[in-house]
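# Coordinates in review
What follows is the residue order along each chain.
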Amino acid sequence: MRQPLVAGNWKMNGSRASVAELLNGLKAGMARVKTAEVAVCAPAVFIPAVQAELAGTPIKWGGQDVSVHASGAYTGEISGPMLADFACHYVIIGHSERRAYHAESDELVANKFSAARAAGLVPILCVGETLDEREAGVTEEVVGRQLDAVVAHCGIDVVGEGVIAYEPVWAIGTGKTATPEQAQEVHAFIRARLAAASRSVADTVRVLYGGSMNPNNAAELMLQDDIDGGLIGGASLKATDFLAVCSAANR
Ligand code: PEP
């Protein structure tokens, strides 16, 4: 039985005031969330405030990216040990915005996955195809390649210590959601791909859906056999919306 996980990706949004308001709203409304594990992945500068507010609550927190290096002359980077020092549980790895705007290759993403594990963080590995790739019929080829790179570098058992997020690039921040059937098809593919290396990892690893998930579509998506929760961008910035998505996993 895989416990659903709903993780918010705040991206580069917020201020000290809005973060305080959002966290207060989340804490106040958590009683309605019965089943899902809940996490927020915050911009690095807000992580100390997130830790101060969420310590002792059931809500976990994490970063949005991690350096492949543990420390040193890498201006602007944030390391795994630094995130761990602020009690981060999760870190997002290979988000499509980083792959696209920071030219992150499959190889770099795989290195980040192992750097996160070395620091004791749980990586949330994002995979997904662009609209052009979907229309060209190469969704499975792309997602398979992105997964295989991490399995080859880290080993299947280490991959099993993380979380996978299927995020079709064409659905991120666009208001276009994959239909439950489209999402389930790729989630099942991801599980089958992992099963080729390890049946037990395939059965236990959580595969989240991400891409314009919101209070209106979350329940139907989460009812699919291979969808174990969501990675939520826009709808994670408002406490009522995020809590509604989290409680859509109630069973
Ligand atoms: C994301 O950034 O991971 C995401 C899924 O964004 P949105 O929910 O806004 O599409």
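Here, residues in each chain are numbered from 1, in the same order as that chain's written sequence. Per-residue local features of the predicted model are confined to residues with pLDDT of at least 70, and side-chain atom pairs are confined, for both listing and counting, to 80 or more; whole-chain, interface and lining totals are unaffected and use all residues. As a convention, hydrogens and water are excluded, and side-chain values are obtained from all of the structure's heavy atoms.

### Quick word on the overall build of the chain
Going by this rule: Only DSSP runs of H or I covering at least 4 residues are called helices, and only runs of E covering at least 2 are called strands; the numbering of each starts at the N terminus. C-alpha atoms define the radius of gyration, and 2.2 Å times the number of residues to the power 0.38 defines the globule rule. Residue exposure (1.4 Å probe, protein chains only): buried if accessible area is under 20% of the type maximum, exposed if over 50%, otherwise partly exposed. Contacts between residues were defined by any pair of non-hydrogen atoms, one from each residue, lying within 4.5 Å. Areas reported here follow the Shrake-Rupley algorithm with a probe of radius 1.4 Å; residue values treat only the protein chains shown as occluding.
A tally of helices and strands in the chain yields 12 helices and 8 strands. In terms of overall dimensions, the chain is globule-like: its C-alpha atoms have a radius of gyration of 17 Å, near the 18 Å expected for 251 residues. Counting only residues that meet the buried cut, the chain has 53% of its 251 residues in that class. Across the chain, contacts joining residues at least 24 apart in sequence account for 73% of those joining residues at least 6 apart. Carbon together with sulfur atoms contributes 52% to the accessible area of the chain, which is approximately 10900 Å² in total.

### Overview of the nonpolar core
Note that soluble globular proteins tend to have their nonpolar side chains buried in a common cluster. To keep it simple, the criterion reads: By nonpolar core we mean a set of buried residues, namely Ala, Val, Leu, Ile, Met, Phe, Trp, Tyr and Cys, connected to one another through side-chain atoms within 4.5 Å.
If you look at the biggest cluster of nonpolar residues, it comprises 68 residues, and the most contacted ones within it are Val50, Leu125, Ile164, Ile190, Leu194 and Tyr209. If sequence neighbours within four positions are ignored, Tyr209 has contacts with Tyr166, Pro168, Ala171, Thr177, Ala178, Ala183, His187, Leu221, Ile227, Gly229, Gly230 and Leu231. In this structure, Leu5, Tyr90, Cys126 and Leu208 belong to the second largest nonpolar core, which totals 13 residues.

### Observations concerning the pattern of salt bridges
If the charged atoms of two oppositely charged side chains come close together, the side chains can form a pair. In plain terms, the rule: Throughout this description, the term salt bridge denotes a Lys or Arg side-chain nitrogen within 4 Å of a carboxyl oxygen of Asp or Glu.
Tallied over the entire structure, the rule returns 17 salt bridges. Glu104 is the salt-bridge partner of Lys112, the closest N and O atoms lying 2.6 Å from each other. On the basis of relative accessibility, which here comes to 6%, the residue Glu104 falls in the buried class.

### Points about the site of the ligand
To keep things clear, this is the line we draw: Any residue with a heavy atom lying within 4 Å of a molecule or strand is counted as near it. Residues adjacent in sequence count toward polar contacts only when both atoms are side-chain atoms; beyond that, a polar contact is any pair of N or O atoms within 3.5 Å, and within protein one must be able to donate a hydrogen and the other to accept it. When residues are sorted by character, Ala, Val, Leu, Ile, Met, Phe, Trp, Tyr, Cys and Pro go into the nonpolar class, Asp, Glu, Lys and Arg into the charged class, and all the rest, Gly among them, into the polar class.
Lys11, Glu167, Gly173, Ser212 and Gly233 are the nearest of the 14 residues found near the ligand. His95 has a polar side-chain atom sitting 2.9 Å from an oxygen atom of the ligand. Gly173 places a main-chain nitrogen or oxygen 2.6 Å from an oxygen atom of the ligand. For the ligand, whose free accessible area comes to 290 Å², the fraction covered by protein is 96%. Here the shell around the ligand is composed, by residue class, of 4 nonpolar, 8 polar and 2 charged.

### Notes on the side chain of Asn217
The residue Asn217 is located in the loop between β7 (206-210) and α11 (218-222) in this model. Ignoring any residue separated from it by four or fewer positions in sequence, one finds Asn217 in contact with Thr177 and Ser212.

### Concerning the packing of helix α7 (residues 139-154) against helix α9 (residues 180-195)
This is how the line gets drawn: Between the N-to-C directions of two axes lies an angle of 0 to 180 degrees, each axis being a line fitted to C-alpha atoms and, for a helix, fitted only over the stretch in contact. For classification purposes, angles smaller than 35 degrees are called roughly parallel, those larger than 145 roughly antiparallel, those between 65 and 115 roughly perpendicular, and all remaining angles oblique. Left-handed describes a crossing in which the near helix is turned anticlockwise from the far one by less than a right angle; the clockwise case is right-handed.
Packing of α7 against α9 brings their axes to within 10 Å, and their N-to-C directions diverge by 40 degrees. Taken together, the axes of α7 and α9 are oblique relative to one another. Here the hand of the crossing between α7 and α9 comes out right-handed. Every residue of α9 that contacts α7 at Thr139, Glu140, Val143, Gly144, Arg145, Leu147, Asp148 and Val151 is listed here: Val186, Phe189, Ile190, Arg193 and Leu194.

### Digging into helix α1 (residues 16-29)
Let me state the cut-off plainly: Take the residue count of a helix, subtract one, and multiply by 1.5 Å to get its expected span. In this description, the arc belongs to the directions extending from the helix axis to the C-beta atoms.
Between its terminal C-alpha atoms α1 stretches 20 Å, which fits the 20 Å expected from 14 residues at 1.5 Å a residue. Listed as buried for α1 are Val19, Leu22, Leu23, Leu26 and Gly29. Along the axis of α1, the buried positions cluster into a sector of 140 degrees, meaning they face one direction only. Opposite the buried face of α1, by more than 90 degrees, sit the exposed residues Arg16, Ala17, Glu21 and Ala28. Check the buried side of α1 and you find it contacts β2 (37-41), α2 (47-54) and α12 (239-247).

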